[in-house]
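# Results of the structural survey
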Amino acid sequence: MAKVFAFARKSTLALRQRRAALVRSLRLPPALIRASVVERFGTCGSLTCRCRSGAKHGPYYYLTQCLAPGKVRKFLLKTDPAVAQARRATASFNAFYDGLEELSQINTELLHRGEDLEGGAPSA
Ligand SMILES: [Zn+2]
C-alpha cells in the first residue's frame with residue numbers, strides 16, 4: 001500500500017515548491033530492487049537433530065519478489081554481502097518509490113485544484 005500524504009491544508013504554492021524539490025532530489029538508483037528480504041529458520045532432514053526440538057537452523061535470508069498474482073520469485077541469499085546488497089537495493093527502491101508516490105499525490109492534488117500540471121509557474 002502506498003503511503004498517504006496529507007495535502008489538504010497546504011497551499012498550492014507550497015505544493016508546487018515541494019514538487020520542485022522532489023523533482024530535483026529524485027535520482028533513479030541503478031541498483032534498486034523491488035522486493036523484500038525475509039528471514040527464515042528451518043528444520044533439516046535428520047530426525048535426531050536439535051532443530052527437531054525447537055532450535056531451528058538459521059537465520060537464512062531470501063529475496064522474495066512478487067511479479068504477478070501467484071507468481072513470486074524467491075531465492076536464498078547465500079552470503080552476508082549478498083544479504084547486505086539486497087537490503088540496500090530494496091531500501092533504494094522503497095526510498096525512490098516513496099518520492100515518486102509523493103510526487104504523484106501532489107500532482108493529483110494540483111489537478112484536483114484545477115492547476116496546470118505541465119506549467120511550472122503557480123497560478124494566482
Ligand atoms: Zn537440523
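Provided above is the structure to which this section pertains.
Bear in mind the structure is a predicted one, so any value in this text is a computation, not a measurement.

## Quick word on the nonpolar core
Residues Phe5, Phe7, Leu15, Leu22, Leu26, Phe96, Leu103, Ile106 and Leu110 constitute the largest nonpolar core, which totals nine residues. When residues in this core are grouped by element, the largest group, four residues, is from helix α2 (residues 80–112). Of all hydrophobic cores here, the second largest spans six residues; its members include Leu63, Leu77, Val83 and Ala86.

## Some points on the coordination of the zinc ion
Binding of the zinc ion to the protein goes through Cys44 (SG), Cys49 (SG), Cys51 (SG) and His57 (NE2), at separations of 1.9 to 2.3 Å. Given four donor atoms and angles of 104 to 115° at the metal, the environment of the zinc ion is assigned as tetrahedral. The sequence motif formed by the donor residues of the zinc ion is C-x4-C-x1-C-x5-H. Across the pair, His57 and Cys49 agree in class, each one buried.

## What about the packing of aromatic side chains?
The tally for this structure, following the rule as stated, stands at two aromatic pairs. A centroid spacing of 5.7 Å and a plane angle of 20° characterise the contact between Phe93 and Tyr97, whose relative ring orientation is stacked. Placement of the pair is Phe93 and Tyr97 together in helix α2, with a separation of four residues, close to one helical turn. Note on Phe93: relative accessible area 17%, which makes it buried. Taking the relative accessible area as the measure of exposure, Tyr97 reaches 35% and is therefore partly exposed. Just above the ring of Tyr62 sits the side chain of Lys74; from NZ or CZ to the centre is 5.0 Å.

## Describing the environment of Thr64
Position of Thr64 among the secondary structure elements: in strand β2 (residues 57–68). A relative accessible area of 17% means that Thr64 is categorised as buried. It is 9.1 Å that separates the C-alpha atoms of Thr64 and Arg34, two residues lying 30 residues apart in sequence. When near neighbours in sequence (up to four residues on either side) are disregarded, Thr64 contacts Ala35, Ser36, Val38, Val72, Arg73 and Lys74.

## Quick look at the pairing of strand β3 (residues 71–77)
Each regular strand displays side chains that alternate between the two surfaces of the sheet. Sheet topology note: the β2/β3 ladder contains seven bridges and is antiparallel. Following the sheet pairing, Tyr61 is matched in β3 by Leu77. Between β2 and β3, which pair antiparallel and follow one another directly, the connecting turn spans two residues, one of which, Gly70, has a positive phi of 80°.

## Observations regarding the layout of surface pockets
Taken as a whole, the largest pocket holds about 210 Å³ of empty space. If you trace the largest pocket, you find it lined by Ala31, Ile33, Leu63, Gln65, Arg73, Phe75, Leu77, Ala82, Gln85, Ala86, Arg88 and Ala89. Taken together, the elements giving at least two residues each to the lining of the largest pocket come down to β2, β3 and α2. Ranked by the residues each element gives to the lining of the largest pocket, the list is headed by α2, at five residues. Residue classes in the lining of the largest pocket are distributed as eight nonpolar, two polar and two charged.

Cut-offs applied
Each chain carries its own residue numbering, running from 1 in the written order of its sequence. Per-residue local features of the predicted model are confined to residues with pLDDT of at least 70, and side-chain atom pairs are confined, for both listing and counting, to 80 or more; whole-chain, interface and lining totals are unaffected and use all residues. Heavy atoms throughout the structure, all of them, feed into the side-chain values; hydrogens and water do not. What makes a nonpolar core is a set of buried Ala, Val, Leu, Ile, Met, Phe, Trp, Tyr and Cys residues whose side-chain atoms join them at distances within 4.5 Å. Throughout this description, buried means an accessible area under 20% of the type-specific maximum (1.4 Å probe, protein chains only), exposed means over 50%, and partly exposed covers the range between. Strands are runs of DSSP state E lasting at least 2 residues, helices are runs of H or I lasting at least 4, and numbering of each runs from the N terminus. Because no water is among the atoms considered, metal sites can look incomplete, with donors defined as N, O and S atoms within 2.8 Å of the metal, or 3.2 Å for Na, K and Ca. A four-donor site is called tetrahedral if each angle lies between 85 and 135 degrees; a four-donor site is square planar, and a six-donor site octahedral, when trans pairs exceed 155 degrees and the remaining angles lie between 65 and 115; all other cases are labelled irregular. Each Phe, Tyr or Trp ring (for Trp, its six-membered ring) is paired with any other whose centre lies within 6.5 Å, and the angle between the two planes then decides the class: stacked below 30 degrees, edge-to-face above 60, tilted in between. Each ring is checked for a lysine NZ or an arginine CZ that lies within 6 Å of its centre and within 35 degrees of its normal; such an atom marks a charge sitting over the ring. By the convention used here, residues are in contact when the closest approach between their heavy atoms is within 4.5 Å. One requirement defines pairing of two strands: DSSP has to find at least two bridges between them. Here a cavity means grid points, on a 1 Å grid over the protein atoms only, where a 1.4 Å probe fits yet cannot get out; a pocket means an open set of points with protein on both sides within 12 Å along at least five of seven lines; lining residues are those with an atom within 4 Å of a point. Grid points are joined across faces, edges and corners, and a volume is the space filled by probe spheres set on the points. Three classes are used, and their members are as follows: Ala, Val, Leu, Ile, Met, Phe, Trp, Tyr, Cys and Pro are nonpolar, Asp, Glu, Lys and Arg are charged, and the others, Gly among them, are polar.

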